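What follows is each chain in one-letter form.
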Amino acid sequence: LPGTLSRPLPVPRVRDLAVAGPAVEPPPSLAHLVSADPGDRAAHAMGKAYRDVVRALRGRPGRIPDLVARPTDDQGVADLLDWAGERQVAVVPYGGGSSVSGGVEYRGDAHRAVLSLDLTAMGRVLEVDTAGRAARIQAGTLGPSLEDQLRPHGLTLRHFPQSFEFSTLGGWLATRAGGHYATGRTHIDDFVQSLRVVTPAGTSSSWRLPASGAGPSPDRLFLGSEGALGVITEAWVRLQERPRHKASAAVAFTDFQGALGAVRALAQSDLCPANCRLLDAGEAALSGAAHDGSSVLVLGFESADEPVAARLERAVALARSHGGRHEGTDGAGGREDGPDGDAAVRAWRSAFLRMPYLRDGLARMGAVAETFETA
Ligand SMILES: Cc1cc2nc3c(=O)[nH]c(=O)nc-3n(C[C@H](O)[C@H](O)[C@H](O)COP(=O)(O)OP(=O)(O)OC[C@H]3O[C@@H](n4cnc5c(N)ncnc54)[C@H](O)[C@@H]3O)c2cc1C
């Protein structure tokens, strides 16, 4: 509420954290991959949950890794694991560090020291199979760089978690991330063809082709393993053609139950919207998608193959039959978008992308703003 927020907390300086020296030193053969810089180490101590942001602001990061290593290839990863295993050094794989569940922290006391294994120096698309629409990509590739490298091929992974800007392919695989356009294929699992994982017991490489239905799938073992079984170093992933046709609409509802009914009807139809997101009145107001207490259903369709206006029109009609109001200039909502789409959709998208930045700013002012998931 205006007037109730306190002055922003200052961001602590690294030197105020009094980071102790590392408990181990890397061998000379690996020293070029390893950093003992206190700022680098402190930056790898935690993920990015609200709780982590607050702990960082209060200067209480918890256990700071003794070393940060940035291997550039599988051999480097294997050598670091061998050394760490011999020295009782815990290894925590680190992608973009956007974990919201403590995944990049070391918790325990069974090890002499902690090594944060940062994969971001392994950030290349290594091979593209345009005919098969797939690519072999290094695990440390951050979202924007991954899409930049695929763009010249006319292909996209189209995996967009809200943390896209600061998270990596390896992190998505290790956490079974879900992206937006959340009603189509959204989980990273859906895109995996094969994985390469360096473990303390050797390297595991699954077959890309031919696909096999025999026995348990090793990929399923590693997906979501949060770094506990080894370090994912690369993956073959399925790609899509970049969409050429897009259409979006925002439908307002006075009655939230009606809006829920519309979402259910859409989910049970064959329409498969790329985006189907219901904002309650509070979120709609906060994002600028509505100012009159309405809930807003954000709908989006896209295709590389065929116009999608008719599908959007049908979806808007379904929403209307549940009490929705669509007041676009086109009447029925069946227009193909320009690059920016419907104004209310645009307002929501921009608020959605800004939200994490806003959250961190609000945390500095003593306000809680966080995503909560319910089922
Ligand atoms: C603002 C915000 C929005 C978010 N939005 C979403 C969202 O929309 N959808 C979603 O699913 N998640 C979301 N997240 C959570 C987080 O971004 C995801 O879990 C993401 O997949 C983590 O990727 P990362 O590269 O940052 O991994 P990290 O945070 O670095 O690591 C996550 C876990 O995976 C392990 N790991 C990382 N890389 C590897 C590797 N190469 N091999 C083995 N293990 C590895 C780590 O040890 C850790 O346990 C969000 C987080 C924030 C802060």
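About the thresholds
- Residues numbered from 1 in each chain as written.
- Predicted model: local features only at pLDDT ≥ 70, side-chain atom pairs only at ≥ 80, totals over all residues.
- Heavy atoms only, no water.
- Core = buried A, V, L, I, M, F, W, Y, C linked by side-chain atoms within 4.5 Å.
- Buried < 20%, exposed > 50% of the residue type's maximum accessible area, 1.4 Å probe, protein only.
- Helix = DSSP H or I, 4+ residues; strand = E, 2+ residues; numbered from the N terminus.
- Near = heavy atom within 4 Å.
- Polar contact = N/O pair within 3.5 Å; in protein donor to acceptor, adjacent residues only side chain to side chain.
- Areas by Shrake-Rupley, 256 points an atom, 1.4 Å probe, with all protein chains shown as cover.
- Nonpolar A, V, L, I, M, F, W, Y, C, P; charged D, E, K, R; others polar.
- Domains from an automatic or database assignment.
- Contact = heavy atoms within 4.5 Å.
- Buried area = accessible area lost by both parts, 1.4 Å probe.
- Salt bridge = Lys/Arg side-chain N within 4 Å of Asp/Glu carboxyl O.
- Expected span 1.5 Å × (residues − 1).
- Pairing = 2+ DSSP bridges.
- Axes fitted to C-alpha atoms, helices over the stretch in contact; angles between N-to-C directions.

A. Geometry of the nonpolar core. Formed by 25 residues in total, the largest nonpolar core has its most connected members in Leu 157, Leu 169, Trp 172, Leu 173 and Leu 195. Taken together, the elements giving at least two residues each to this core come down to strand E6 (134-138), helix H4 (143-150), helix H5 (169-175), strand E8 (192-199) and strand E10 (231-238). Among the elements that line this core, the one with the most residues is H5, at 4 residues. Of all hydrophobic cores here, the second largest spans 20 residues; its members include Leu 67, Ala 113, Leu 115 and Leu 117.

B. Just the site of the ligand, in detail. Close to the ligand lie 33 residues; Pro 93, Ser 98, Ser 163, Thr 168 and Glu 226 are nearest. A distance of 2.9 Å is found between an oxygen atom of the ligand and a backbone nitrogen or oxygen belonging to Gly 96. Taking Gln 162, its main chain carries an N or O atom lying 2.9 Å from an oxygen atom of the ligand. Protein chains bury 90% of the 960 Å² of accessible surface belonging to the ligand in isolation. Split into classes, the residues belonging to the shell around the ligand amount to 14 nonpolar, 17 polar and 2 charged. Of the residues that make up the shell around the ligand, three or more belong to each of domain 1 (14-118) and domain 2 (125-241).

C. A look at unusual backbone geometry. Cis peptide bonds are those with omega within 30 degrees of zero, and the linkage from Leu 209 to Pro 210 qualifies with -5 degrees. Within the fold, Pro 210 resides in the loop between strand E9 (202-205) and helix H6 (218-222). If you check the backbone angles, Arg 133 has positive phi at about 50 degrees while not being a glycine. Taking the relative accessible area as the measure of exposure, Arg 133 reaches 36% and is therefore partly exposed. With a phi close to 50 degrees, Cys 272 is a non-glycine residue in the positive phi region. For Cys 272, the location among the structural elements is in the loop between helix H7 (256-268) and strand E13 (275-279).

D. Expanded view of the domain arrangement of the protein chain. As assigned here, the protein chain comprises domain 1 (14-118), domain 2 (125-241) and domain 3 (245-361). Computed from C-alpha atoms alone, the centre-to-centre distance between domain 2 and domain 3 is 29 Å. Each partner contributes to the interface: domain 2 provides 10 residues, whereas domain 3 provides 12 residues. Buried surface at the junction of domain 2 and domain 3, summed over both partners, amounts to about 920 Å²; 47% is from carbon and sulfur atoms. Between domain 2 and domain 3 we count 1 salt bridge in total. The salt bridge involving Arg 158 is made with Glu 302; its shortest N-O contact spans 2.5 Å. One can count 3 residue pairs in polar contact (both at pLDDT 80 or more) joining domain 2 with domain 3.

E. Quick look at helix H3 (residues 74-87). With 14 residues, H3 extends 20 Å between its outermost C-alpha atoms, agreeing within 8% with the 20 Å of an ideal straight helix rising 1.5 Å per residue. Along H3, the positions that sit buried rather than exposed are Asp 74, Gly 76, Val 77, Ala 78, Leu 80, Leu 81, Trp 83 and Ala 84. Contacts made by the buried residues of H3 are with strand E1 (34-35), strand E2 (67-69), strand E3 (89-94), strand E4 (113-118), E8 and E10. Just downstream of H3, Gln 88 is the residue with a positive phi angle, here 55 degrees.

F. Inspection of the sheet that holds strand E5 (residues 125-129) at higher detail. Taking strand neighbours across the sheet as the criterion, the 5 strands line up as E5-E6-E10-E8-E9 in an open arrangement whose pairing is antiparallel. Taken across any chain shown, the strands that pair with only one partner, and hence form the sheet edges, are E5 and E9. Ignoring which end each strand starts from, the neighbouring axes of this sheet average 10 degrees apart. When E8 meets E9, the two strands line up antiparallel, connected through 4 bridges.

G. Quick look at the environment of Gly 132. Inspection of the secondary structure puts Gly 132 in the loop between E5 and E6. Remark: the alpha-carbon pair of Gly 132 and Gln 240, spanning 108 residues in sequence, is separated by 9.9 Å.

H. Quick look at the pairing of E10. With 7 of 8 residues buried, E10 is to be regarded as a mostly interior element. Two strands pair when backbone bridges link them, and E6 and E10 are joined in this way by 5 bridges, in the antiparallel orientation. Along E10, the bridge assignment pairs Arg 136 with Trp 236. Examined bridge by bridge, E8 and E10 share 6 bridges and lie antiparallel to one another. Counted as the bridge partner of Val 198 is Val 231 from E10.

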